[in-house]
Amino acid sequence: MRSLNSAIPALVPFVVVTAAAELAVRQGWVRAYLIPAPSSVMRAMVQDSGELLGAITATSISAITGFLLSTVIGIAVAVFLSSSRAIQRAFYPYAVFFQTVPIIAIAPLLVIWFGYGTRAVVASAFVVSIFPVIANTLAGILSTEPALRDLFRLYGASRKATLFMLRFPAALPQILTGLRVASGLAVIGAIVGEFIGGQGLGSVVDVARTQQRVDKVFAAVLLASVLGLALFGLINLVSYITLRRWHASEQ
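Presented here is a report on the structure given in the accompanying data block. Quick caveat: nothing in here was measured; it's all calculated off a predicted structure.

**Examining the overall build of the chain**
Of regular secondary structure, the chain possesses ten helices and zero strands. Principal-axis analysis of the C-alpha atoms gives the chain an extent of 75 × 50 × 30 Å. Counting over 251 residues, the chain shows a buried share of 39%. The long-range share in the chain, meaning contacts at least 24 apart out of those at least 6 apart in sequence, stands at 72%. Counting only carbon and sulfur atoms, one obtains 69% of the accessible surface of the chain, whose full area is about 14300 Å². Taking the 18 positively charged and 9 negatively charged side chains of the chain as two groups, their mean positions are separated by 10 Å.

Here's what the structure looks like:
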């Protein structure tokens, strides 16, 4: 019941906007070739369900794989960067590179380097989603309470023990925040990669665009949004399980 009550405020605007869009298209206030009626989008999802199901499966595999890679490698890079200020100054600008270079500009290069197919799409999802993991993990590790660091140092704790028993647990809320951002970006990266070199929802959108199937484009975009929301919800669940007993954000 509590979950239903929390979902109702979010469902109300969705229902209102959907009903308004349906009315606007049916009354001719908005041209259907610009914004299709929601009923047309649902009809396209049913009629092309086989193709869309295969597409969202391919996109999900690529996005989740890229997200997992960015999680593991991003946290490892952040731990490495946190080891000294000199290392941060030397290598952190290269981490920023992944955030500043538009993925659409390097997507063709990914196809050249990794070949046409899933590997290029996974690489695209990885490149887009790794920076939030690095930035948030590094910020969390570096913002550990100084008094606690001094206490660990007073008791002769090793750097490894301090990292895994103090710094990393203290950084967990910010790490999960980075993962929330990265989960959505991984889906975006996968879609962009599929525009250039893969099969999936990105490919469906590109083909439907050339066919002037705006309803199918919206159906694919809706499924991509659902995938992003599912990943975001999964991270929220992990955050609730791990933080609910001791952190104010989940209490």
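Picking up after the structure, the text goes on.
**Points about the pattern of salt bridges**
Applying the stated rule across the entire model yields five salt bridges. Where Arg 213 meets Asp 48, a salt bridge forms, and the shortest distance between an N and an O atom there is 3.1 Å. Residue Arg 213 is found in the loop between helix H9 (201–210) and helix H10 (214–243), and its partner Asp 48 is found in the loop between helix H2 (38–47) and helix H3 (49–81); the two are separated by 165 residues along the sequence. Judged by relative accessible area, which is 24%, Arg 213 ranks as partly exposed. Among the salt bridges present, the one from Lys 216 reaches Glu 51, with a minimum N-O distance of 2.6 Å. In this pair, Lys 216 sits in helix H10 while Glu 51 sits in helix H3, placing the two residues 165 residues apart along the sequence. You can call Lys 216 buried: its relative accessible area is 6%.

**Considerations on the packing of helix H4 (residues 85–100) against helix H6 (residues 118–142)**
Two numbers describe how H4 lies on H6: the axes approach to 8 Å, and their chain directions differ by 150 degrees. It follows from the interaxial angle that H4 and H6 lie roughly antiparallel. Our pair here, H4 against H6, has a crossing hand that is left-handed. Contacts between H4 and H6 involve Arg 85, Gln 88, Tyr 92, Ala 95, Val 96, Phe 98 and Gln 99 on the former and, on the latter, Val 127, Ile 130, Phe 131, Pro 132, Ile 134, Ala 135, Leu 138 and Leu 142.

Criteria and thresholds
Residues numbered from 1 in each chain as written. Predicted model: local features only at pLDDT ≥ 70, side-chain atom pairs only at ≥ 80, totals over all residues. Heavy atoms only, no water. Helix = DSSP H or I, 4+ residues; strand = E, 2+ residues; numbered from the N terminus. Buried < 20%, exposed > 50% of the residue type's maximum accessible area, 1.4 Å probe, protein only. Contact = heavy atoms within 4.5 Å. Areas by Shrake-Rupley, 256 points an atom, 1.4 Å probe, with all protein chains shown as cover. Lys, Arg positive; Asp, Glu negative; His and termini not counted. Charge placed at Lys NZ, Arg CZ, Asp CG, Glu CD. Salt bridge = Lys/Arg side-chain N within 4 Å of Asp/Glu carboxyl O. Axes fitted to C-alpha atoms, helices over the stretch in contact; angles between N-to-C directions. Parallel < 35°, antiparallel > 145°, perpendicular 65-115°, else oblique. Left-handed = near helix turned anticlockwise from the far one by under 90°.

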